[in-house]
Amino acid sequence: MASAFRLQCHCILIFLAALKGETRYLEARGTGEDEPFLLPSADLKRELTGRQLYHRALRCIDMLSVEGQFTFTAEQPQLHCAAFFIGDPEELITLDYDFVNIDCQGGDFLKVFDGWILKGEKFPSSLDHPLPTSERYIDFCESGNIRRSFRSSQNVAMIFFRVHEPGNGFMFTIKKNANLFPCNVISQTPTGRFTMVIPHQHRNCSFSIIYPVVIKISDLILGHLNSLHLKKPSTGCAGVGDFVELLGGTGLDPSKMFPLADLCQSFHGSAQMKIGCDNTVLRMVSSGKHINRVSFEYHQLDQYELENRKENSIEEFCFPSI
Amino acid sequence: MKLQLLVSTGILLVALLPCHDCRALSKSPAAAASAPLPPDFLQPPPSLPVLLRMGEEYFLRLGNLNKIPAASFFASSSSSSSSRLPPGALASNFFRAAVQQLQQLPERSLESAAGPGEGEAESLPREVMEREKRSEEPPISLDLTFHLLREVLEMARAEQLAQQAHSNRKLMEIIGK
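Below, the structure is looked at part by part. Just so it is clear, the structure is predicted and the values come from calculations on it, not from any experiment.

The next subject is the state of the cysteines. Residues and elements named next belong to chain A. Enumeration according to the criterion identifies 3 disulfides over all chains in this entry. Residue pairing for Cys183: its cysteine sulfur links by disulfide to Cys205, the two sulfurs lying 1.9 Å apart. Here the S-S torsion is close to -95°, and the disulfide linking Cys183 with Cys205 is therefore left-handed. Here Cys205 lies in strand E15 (residues 204-209) and Cys183 lies in the loop between strand E12 (169-178) and strand E13 (185-186), a separation of 22 residues in the sequence.

Set out below in structure tokens:
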């Protein structure tokens, strides 16, 4: 009985001590105290979060990689305009129309595309994107009153617009959201490193670098194979559910690029390849049965390497798509 | 007469004699159509190294393949005798396989991608109307070169860095108050 009573007293004491703990201490601190490592006060927080959103005018051909508000006003008829959006690999793009003043009946249009499309070639390709091509275009003139917000499926998106009447235009806000498992990515920079993870998903993911690069794969884990289950060399990677392939080409669409190498065995270490194409893509094909991961880094081939390796001509390998 | 006979005989001989360079042409279209498989680097001829190895690097090249043995892997995987093809044939096979690969892709016209219902069966009059409508629609793809794309990308990157620097400066000013 005495021990039970003591246990209860101890519990009460612990409970009281918790109520008098540090959390309450921090809440009671005021802004007037001289403390260099003070957590931001309420006023300070308001000042930080209430900073004015970045705002600038949108150009007819533009590329945006920052959050903010962008306004396009036609000073003259602008018939062929587009703006690209790009974020970090782990980000998704969200576009919200704030104000639109275009004459849809008069031939103006404003369309958002989920991805990038250049010379008719799309990224991600039709094979790798969850939506059919028709659903990747969101036409404001058709669905503007219903859908004024758009979120991309990857770190890139773009809009196409045409405005005939000077003075007409539109305004939108770009925000970026986190993407836990980036799948299709276009790199903003010719140098970087990335780890692509496909956790039990039946999907294909591409990482595109629109520069001639040397790419070094440091770690590849494909869940279906280990060192004891070597496939017959004659079969190669064809028919294997999970593998990584390197593609090179002169267009944006990975499905129209030529495969340079394929890897279907896990390894740790480094495998390096120089690819002198305008666009280099590392693509992981995943069956969904395993957790697949590939880590790699890349940097741009410098001009010396491009010009002085005559025996490896870039033009001979990367030909224009037909 | 004799000259004509000789000329026609020569033409027949050239046409009918087996041509090693053109071996890939004798492949059935179906086999060629199924060609666009990645080069099978795990099935190297015994005398040639695997293209991709740990710690080694290779330039990928097409053209004069005699100089770079590893580049001979750069052939259609459907051709079992690719390793024995001369370099010119390898290049032509590569080009042919790539063209076939491109031709096999479903043709998606820019105009058809603008609206819904792509690929659906349509009646002829409606199809004609839609085609006319699409032909009037503006292009929905930009013909920008990679060079220009990189230029605007670098401009966007510079803008992002400037914006980040501005935000950092503001933050320091606020914290310093």
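Past the structure itself, the notes keep going.
To continue, consider unusual backbone geometry. Residue and element names in this part refer to chain A. Put simply, Phe123 and Pro124 share a cis peptide bond, and its omega is -10°. Structurally, Pro124 is set in the loop between strand E8 (121-123) and helix H4 (133-136). Phi is positive for Lys119, close to 55°, though the residue is something other than glycine. Positive phi outside glycine occurs at His200, with the angle close to 55°. Tracing the sequence through the fold places His200 in the loop between strand E14 (192-199) and E15.

To continue, consider the nonpolar core. The biggest cluster of nonpolar side chains holds 54 residues, and the ones touching the most others in it are Trp116 of chain A together with Leu149 of chain B. Among the elements that line this core, the one with the most residues is helix H6 (residues 146-175) of chain B, at 5 residues. Core analysis: the second largest hydrophobic core is formed by 28 residues, Ile102, Ile159, Phe170 and Phe172 of chain A among them.

On the surface, Ile12, Leu13 and Leu16 of chain A cluster together into a nonpolar patch covering about 300 Å² of accessible area. Judged by relative accessible area, Leu13 of chain A falls into the exposed class, the value being 54%.

Another point: H6 of chain B. In this model, H6 of chain B (30 residues) spans 43 Å end to end at C-alpha, consistent with the 44 Å of a helix rising 1.5 Å per residue. When H6 of chain B is considered as a whole, its buried residues turn out to be Phe146, Leu149, Arg150, Val152, Leu153, Ala156, Glu159, Gln160, Ser167 and Ile174 of chain B.

With that settled, the discussion passes to the packing of aromatic side chains. Residues and elements named next belong to chain A. With the rule as written, the count across this model stands at 15 aromatic pairs over all chains. Measuring from ring centre to ring centre gives 5.5 Å for Phe207 and Tyr298, while their planes differ by 55°; the resulting arrangement is tilted. Here Phe207 is found in strand E15, whereas its partner Tyr298 is found in strand E21 (residues 291-300), with 91 residues between them in sequence. Within the aromatic cluster, the residues linked to one another by ring pairs are Tyr54, Phe70, Phe72, Phe85, Phe161, Phe170 and Phe172. We note Lys111 situated over the ring of Phe109; from NZ or CZ to the ring centre the distance is 5.3 Å.

Bringing the pattern of salt bridges into the picture now. Oppositely charged side chains can pair when the atoms bearing their charge come close. Scanning the model with the defined rule gives 9 salt bridges over all chains in all. The residue Arg283 of chain A makes a salt bridge to Asp128 of chain A at a minimum N-O spacing of 2.9 Å. You can see Arg283 of chain A sitting in strand E20 (residues 279-285) and its partner Asp128 of chain A sitting in the loop between E8 and H4, a full 155 residues away along the chain. Each member of the pair, Arg283 of chain A as well as Asp128 of chain A, carries the same accessibility label: buried. With a shortest N-O distance of 2.8 Å, Glu245 of chain A and Arg283 of chain A are connected by a salt bridge. With Glu245 of chain A in strand E17 (residues 243-249) and Arg283 of chain A in strand E20, the pair connects residues that are 38 residues apart, well separated along the chain. Side by side, Glu245 of chain A and Arg283 of chain A carry an identical accessibility label, which is buried. Ionic contacts of the salt-bridge type, sharing partners, join the residues Arg56, Arg59 and Asp62 of chain A together with Glu159 of chain B into one network.

Attention now goes to the sheet that holds E12 of chain A. Residues and elements named next belong to chain A. Across the sheet, which stays open at both edges, the 5 strands sit in the order E1-E3-E12-E5-E10 with mixed pairing between neighbours. Each end of this open sheet is capped by a strand with a single partner; those strands are strand E1 (55-57) and strand E10 (149-151). Taking each pair of neighbouring strands and ignoring which way they run, the sheet shows an average axis angle of 20°. In this sheet, E12 lies alongside strand E5 (residues 91-101) in antiparallel orientation, the contact comprising 10 bridges. The partner of Asn101 across the bridge, within E12, is Gly169.

Scoring rules and cut-offs
Counting restarts for each chain, with residues numbered from 1 along the sequence as it is written. Lettering for chains starts from A, numbering for ligands starts from 1, and both go in the order in which the items are written. In keeping with the predicted nature of the model, local features appear solely for residues at pLDDT of at least 70, side-chain atom pairs appear and are counted solely at 80 or more, and the whole-chain, interface and lining totals rest on all residues. Computation of side-chain values: all heavy atoms of the structure, hydrogens and water removed. We call a pair of cysteine sulfur atoms a disulfide when they lie within 2.5 Å. Helix numbering and strand numbering both begin at the N terminus, where a helix is a DSSP run of H or I of at least 4 residues and a strand a DSSP run of E of at least 2. What we call a nonpolar core is a set of buried Ala, Val, Leu, Ile, Met, Phe, Trp, Tyr and Cys residues that are connected through their side-chain atoms within 4.5 Å. The cut-offs for exposure are 20% and 50% of the maximum accessible area for each residue type, with area from a 1.4 Å probe on protein chains only; residues under the lower value are buried, those over the upper are exposed, and the others partly exposed. Surface patches are defined over residues having more than 30% relative accessible area and no salt bridge, joining like charges when they lie within 9 Å and nonpolar side chains (Val, Leu, Ile, Met, Phe, Trp, Tyr) when within 5 Å. Method for areas: the Shrake-Rupley scheme with a 1.4 Å probe, in which residue coverage is limited to the protein chains shown. For salt bridges, the criterion is a side-chain nitrogen of Lys or Arg within 4 Å of an Asp or Glu carboxyl oxygen. Given the number of residues in a helix, its expected span is that number minus one, multiplied by 1.5 Å. Working definition: a ring pair exists when centres of Phe, Tyr or Trp rings (six-membered ring for Trp) sit within 6.5 Å. Plane angles under 30 degrees give stacked, over 60 give edge-to-face, the rest tilted. Two conditions define a charge located above a ring, namely a distance within 6 Å from the ring centre to NZ of Lys or CZ of Arg, and an angle within 35 degrees of the ring normal. When DSSP finds two or more bridges between a pair of strands, those strands are recorded as paired. Working convention: axes come from line fits to C-alpha atoms, limited for helices to the stretch in contact. Angles between N-to-C directions cover 0 to 180 degrees.

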